[in-house]
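# Examination of the molecular architecture
In case you want the letters, here they are:
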Amino acid sequence: MRLRSGQAGALFVLAAFFLLLPQFVTSSYWLGLWTLTLFYALLGQSWNLLGGYGGQVSFGHAVFFGTGAYVSAVLQVKFGFNAWAGAAVAVAAGGLVGAFLGAVSFRYGLRGSYFALVTLAFAEVFRVLVNSWELTGSGFGMLIPLRPGAAHLQFTDRTWFYYLILALLAAACALVWWIERSRFGAYLVAVRENEDAAQALGIDCFRVKVVAITLSGALASVAGVFYVQYFLFVDSHIGYGPAMSVNALLAPLIGGAGTLFGPLIGAVALGALSELTTLALGKTPGVNLLAFGVLLLVILRFLPNGLMGLFRGRA
Amino acid sequence: MLAVDGLHAGYGALRILRGLDMRIERGEIVAVLGANGVGKTTLNNTLCGLIRPTGGAITWLGEPIAGARPERIVASGLIQVPEGRRIFPNLTVRENLELGSYRRARRNRDRNLERVLIWFPRLGERLRQQAGTLSGGEQQMLATGRGLMGEPQLLILDEPSLGLSPRMVDEMFGLIRRINAEGVTIVLVEQNVVQSLGIAHRAYVLENGVFALSGPAAQLVADPRLKQAYLGL
């Protein structure tokens, strides 16, 4: 709630590192890896806002990611929207889905694993729906036509994608930083810590949680929009599949849930681990997931506050 | 200050409170006594807006508040310290206290913090400590202090002696009396009859959803019906 002295220093180092990175990383392979790492950090930050700060653990964050990806794709392909306009609508749609899901599940007092299961179920329902609906490309998925140029949110020079995701992540972190210090952030943490006590202090827990899930949904759909522009493709498994939901929570859990830099640190750690396992064990599909699982177990056992727990006494 | 008339409340078909009348005057300590399961906590939650009453009226500072939203009731200065030391375990003692002043009296936060730390000096020694690491008595002090951070006009303490050692109970009750002496009206919802009557001005004895007895504390102590009502003999 008050200024943490470490944050300013860490911010400066991080900003300098990530801004200058493309000067040193010239191979497109490595630049692509860093771009995806920052993408996962953004997705993780969206999960972190709801799950880390608010304590509402979602197992279905793909429902927001997929909504961002699909709405922007469908609007561009089927309705001739400009990519930027489609992106704006997609982010609003992600927030709306968040507000709806939150209103429905929090109204009936769903908490903990029950809430997690409802989010998972929603993501699965959406996956089945887009997989069978012609408008959403059914089983084939959606291909975005190649239209290079910033006006279409497509870049031939991949460095621009790197800077785009860096800017989006920075904006998301700034939002979370601001929330962390705001009255709303204090309410959110109070709800996570003890809802009954929060209520006794006059905090409207329902409203706080719905606002949090709305913001989280909008942020995750920003990641979805980016994904579609970067790969120019999305299908039901990428958009609404459980893999994206797991990716959304892995980075913050490993980096430190409920901390500003947790998702970024977690994403970097996971990216590095993924590369190392590929180096050591070859490109066998799924072997990096195995390593992620082991890392998650080790972290949860020895560092319940994530890697950020190494830097600070408490989460 | 607070008037309750013919209050009925319950959960679904379960009727817990069946026609309560109660008056609280400014500056008093009023004890609400009763054994387990007679409706003490239900009364508490109804006053704070967590449960909507099914009948009757609650008048607070001249305004009807039956069925009002809990946020509004807290903002108007009727603050509850919930049963069982509901603190925020992973936050520091200071952060816990500060959370008490968001909804009300935010501008006076520093002054109120100072005041709370004079009442509870042990909290002052532990401001940067995680609240979950405090002892039971200290957690109760923290929950009470957090309630006081909102400058309550009326503070409802739900079972402040619950699970505390006898020495800690003495200390806690001494502090309640002191807080009251400095101008905070207090409703003390308790099972601990003897000690509550020791510090209260008046008391209500709740039995199966109705007040079986009420009156000045000094009179009730000597009343043989108290034992009867309390033990259900």
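Here, the structure is the one placed above.
It should be emphasised that the depicted structure is a prediction, and the values quoted were computed from it without experimental measurement.

So, how was this worked out
Residues numbered from 1 in each chain as written. Chains lettered and ligands numbered in written order. Predicted model: local features only at pLDDT ≥ 70, side-chain atom pairs only at ≥ 80, totals over all residues. Helix = DSSP H or I, 4+ residues; strand = E, 2+ residues; numbered from the N terminus. Rg over C-alpha atoms; globule rule 2.2 N^0.38 Å. Buried ≥ 20, exposed ≤ 12 C-beta atoms within 10 Å, placed from the backbone. Contact = placed C-beta atoms within 7 Å. Nonpolar A, V, L, I, M, F, W, Y, C, P; charged D, E, K, R; others polar. Pairing = 2+ DSSP bridges. Axes fitted to C-alpha atoms, helices over the stretch in contact; angles between N-to-C directions. Core = buried A, V, L, I, M, F, W, Y, C linked by C-beta atoms within 7 Å.

### Considering the overall build of chain B
Summing up its helical and strand segments, chain B has ten helices and ten strands in all. At 17 Å, chain B has a C-alpha radius of gyration in line with the 17 Å of a compact globule built from 233 residues. Along the first, second and third principal axes, the C-alpha set of chain B runs to 50 × 35 × 30 Å. The buried share among the 233 residues of chain B stands at 46%. Summarising the internal contacts of chain B: among those between residues at least 6 apart in sequence, 65% fall at separations of at least 24.

### Side note on the interface of chain A and chain B
Residue-level contacts link 16 residues of chain A with 20 residues of chain B. Among the elements of the structure, helix 7 (183-193) and helix 8 (195-200) of chain A are those that each provide at least two residues to the side of chain A that touches chain B. A total of five residues in the side of chain A that touches chain B trace back to one element, the largest contributor, which is helix 7 of chain A. Counted by class, the side of chain A that touches chain B contains eight nonpolar, three polar and five charged residues.

### Points about the sheet that holds strand 10 (residues 210-216) of chain B
Residue and element names in this part refer to chain B. Taken in spatial order, the six strands of this open sheet run 6-7-8-3-9-10, and their pairing is mixed. Pairing within the sheet leaves two strands with one partner each, and these edge strands are strand 6 (78-81) and strand 10. Here the strands of the sheet are splayed against their neighbours by 15° on average, with no regard to which way each runs. For strand 3 (residues 29-33) and strand 8 (residues 185-190), the ladder comprises five bridges, and the chain directions are parallel. Residue pairing for strand 8: Val30 is matched across the bridge by Val187. Packed onto the sheet, helix 1 (residues 40-47) meets strand 3, strand 6, strand 7 (154-158), strand 8 and strand 9 (202-207) and runs at close to 150° relative to strand 7.

### Observations regarding the nonpolar core
Core analysis: the biggest nonpolar cluster contains 158 residues, and A:Leu42, A:Ile165 and A:Ala190 have the highest contact counts within it. Among the elements that make up this core, the one with the highest residue count is helix 9 (residues 205-231) of chain A (15 residues).

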